[in-house]
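Listed below are the residues making up each chain.
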Amino acid sequence: MGGGHSRHEPDWGAIRAQQEAEARARAAAEAARQEAERAAQAARAEAEWLMREAEEARRRFEAQQAEAARRAQAAYEEAQRQRREREQAEQAARAAREAAEAWAREERERAERLAREAEEERCRQQAAQEAARQAAIAAQQEHERQQRAREEENRRLQAEREAAERAAQRAAEEARQAQAAREEAEKQLRDGTRPVVTPTPEEYSAFRAKMQHTEGFFHVAVSGIAGSGKSSLVNAFRGKHNMDLDAAAVGVNETTLVVARYPDPNPSSRFVWYDVPGAGTLKVPDWKYFNDQGLFVFDCIIVVVNNRFTATDVAILSNAGRFGIPAFIVRSKADQHIRNLMKDIGYNSDDEGGNKASYFARARDQYVAESIRSIRTNLQEANIPDQPVYLVSNVALQATVTGKTPKKMLDEVKLLTDLASTAQRHV
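Residues numbered from 1 in each chain as written. Predicted model: local features only at pLDDT ≥ 70, side-chain atom pairs only at ≥ 80, totals over all residues. Heavy atoms only, no water.

Chemist: Tell me about the pattern of salt bridges, residues and numbers included.
Modeler: Any two side chains of opposite charge can pair, given that their charged atoms come close. Considering all chains together, one arrives at 26 salt bridges under this definition. Where Glu 55 meets Arg 58, a salt bridge forms, and the shortest distance between an N and an O atom there is 2.1 Å. Pair noted here: Glu 55 and Arg 58 are both in helix α1 (residues 12-191), with a separation of three residues, about one helical turn. Judged by its relative accessible area of 37%, Arg 58 falls in the partly exposed class. Across the pair Asp 386 and Arg 376 runs a salt bridge whose closest N-O atoms are separated by 3.6 Å. Within this pair, whereas Asp 386 is found in the loop between α7 (356-381) and β6 (389-391), its partner Arg 376 is found in helix α7, the two being separated by ten residues in sequence. What makes Arg 376 partly exposed here is its relative accessible area of 41%. A cluster of three or more residues bridged by salt bridges with shared partners is formed by Glu 55, Glu 56, Arg 58, Arg 59, Arg 60 and Glu 62. (Salt bridge = Lys/Arg side-chain N within 4 Å of Asp/Glu carboxyl O. Helix = DSSP H or I, 4+ residues; strand = E, 2+ residues; numbered from the N terminus. Buried < 20%, exposed > 50% of the residue type's maximum accessible area, 1.4 Å probe, protein only.)

Structure representation (structure tokens):
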């Protein structure tokens, strides 16, 4: 057995079998590749066919859409055409109806006009007949009237002759009485008596014209002695301050020399205010004050007084009663008088701790009581019936007139209310 090597022969059968198997595998792979290529080609062909079908379907859809849009546009245009034709038909029908109505209206108006003309003609004929009849009656009546007029003229002439004789007798008697009155007045003047003079109708008319007396308005004279505060009171009644451009002039000396007329600035007010010159000055004698200032033509007189009556105040109140003119007694400048009384009873404006309200209340009550007592006594001494006295502050009155509510008030509201009531009864 020694060092010899064994020799193996190749397994040719296995080799051939392997080669055949590889050949079959290659053949199968080739067949599979070819089959895959055929399948891919078929798939590509199928896809291209589907794409062509899709493109064709898209073109058909777009064509259908275009056709539908064309038909819709055509339908819209047809509808518009039909609408226009319908509107034209309606306009034509409306125009025809309006023309028919206008023609019918014209025909109706013409018929009515003809009827009116016929009626007017009939009335004219009747009027002409009636006028002729009335003319005949009037001619007869005129003849009778002229006859009566002649008779009446004869009677009138006779009556005028008799009236002239009576007037001459009456004039002679009035002249005798006037001479006697003049002699009596001269005697009274010599004896120191102040006569009562009644204005003549001519004087009354002249003063009404001078004062611009207007129907429907209430004319108020503010009178009194010089320096009593009449002008300031007139300004307060009109809601004005003394320094306003259209206010009544005020001053230390008597500034009113003639009666000044001041219409109320409120357009709805019926008041007219008059600032009358003060009595007791060299310019206006006391005893002639009432008549010389024409106070007898006013609807109301406000007498501005101080603490005591003067002869002028008595004369104004007496003559106002004689003429039946409402008169109001007013004491103005109440705030000044109260301030003076506050000082008299111990109030010191420099004393900051002082009770000002208490001093004011005491001074006001004292002022009211003294004023009422004094004026009542004055009325009794002058034999004038008792009547109210109004205590006012011009400042508070002006504020009240302009719609404000002053903190310190006396009789301002009552005075305005009573004046308004008097004016309402008069106007």
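On we go.
Chemist: If you had to explain the sheet that holds β6 to someone new, which residues and values would you point to?
Modeler: The strand order across the open sheet built from six strands is β2-β3-β1-β4-β5-β6, with neighbouring strands paired in mixed fashion. Each edge of the open sheet is held by one strand with a lone partner, namely β2 (260-263) and β6. Direction aside, neighbouring strands of the sheet carry axes that sit 25° apart on average. Of the pairings in the sheet, the one linking strand β5 (residues 327-331) to β6 comprises three bridges and is parallel in character. Paired with Ile 329 across the bridge in β6 is Val 389. Sitting on the sheet, helix α3 (residues 230-237) touches β1 (218-224), β2, β3 (271-275), β4 (300-304) and β5, and the angle it makes with β3 is about 165°. In the packing of helix α9 (residues 412-426) onto the sheet, the strands contacted are β1, β3, β4, β5 and β6, and the crossing angle to β5 comes to about 165°. (Pairing = 2+ DSSP bridges. Axes fitted to C-alpha atoms, helices over the stretch in contact; angles between N-to-C directions. Contact = heavy atoms within 4.5 Å.)

Chemist: Go over the side chain of His 219, please, and point to the residues and values.
Modeler: Tracing the chain through its elements places His 219 in strand β1. A polar side-chain atom of His 219 sits 2.8 Å from a polar atom in the side chain of Asp 299. Aside from chain neighbours lying at most four places away, what touches His 219 is Gln 212, His 213, Thr 214, Val 272, Tyr 274, Phe 298, Asp 299 and Cys 300. (Polar contact = N/O pair within 3.5 Å; in protein donor to acceptor, adjacent residues only side chain to side chain.)

Chemist: How would you explain the packing of aromatic side chains if you had to name every residue and give the values?
Modeler: Tallied over the full model, the rule gives nine aromatic pairs. Taken together, a centroid distance of 5.4 Å and an interplanar angle of 85° make the contact between Phe 207 and Phe 296 edge-to-face. Here Phe 207 is found in helix α2 (residues 201-210), whereas its partner Phe 296 is found in the loop between α4 (289-292) and β4, with 89 residues between them in sequence. The same class applies to Phe 207 as to Phe 296, namely buried. Aromatic pair Phe 237 and Trp 273: ring centres 4.5 Å apart, planes at 5°, arrangement stacked. With Phe 237 in helix α3 and Trp 273 in strand β3, the pair connects residues that are 36 residues apart, well separated along the chain. For Phe 237, a relative accessible area of 2% corresponds to the buried category. Here Trp 273 falls in the buried class, since its relative accessible area comes to 3%. Aromatic rings pair up to connect Tyr 204, Phe 207, Phe 290, Phe 296 and Phe 323 into one cluster. Over the ring of Phe 360 we find Lys 408, and its NZ or CZ is 4.3 Å from the ring centre. (Phe/Tyr/Trp six-rings, centres within 6.5 Å; stacked < 30°, edge-to-face > 60°. Lys NZ or Arg CZ within 6 Å of the ring centre and 35° of its normal.)

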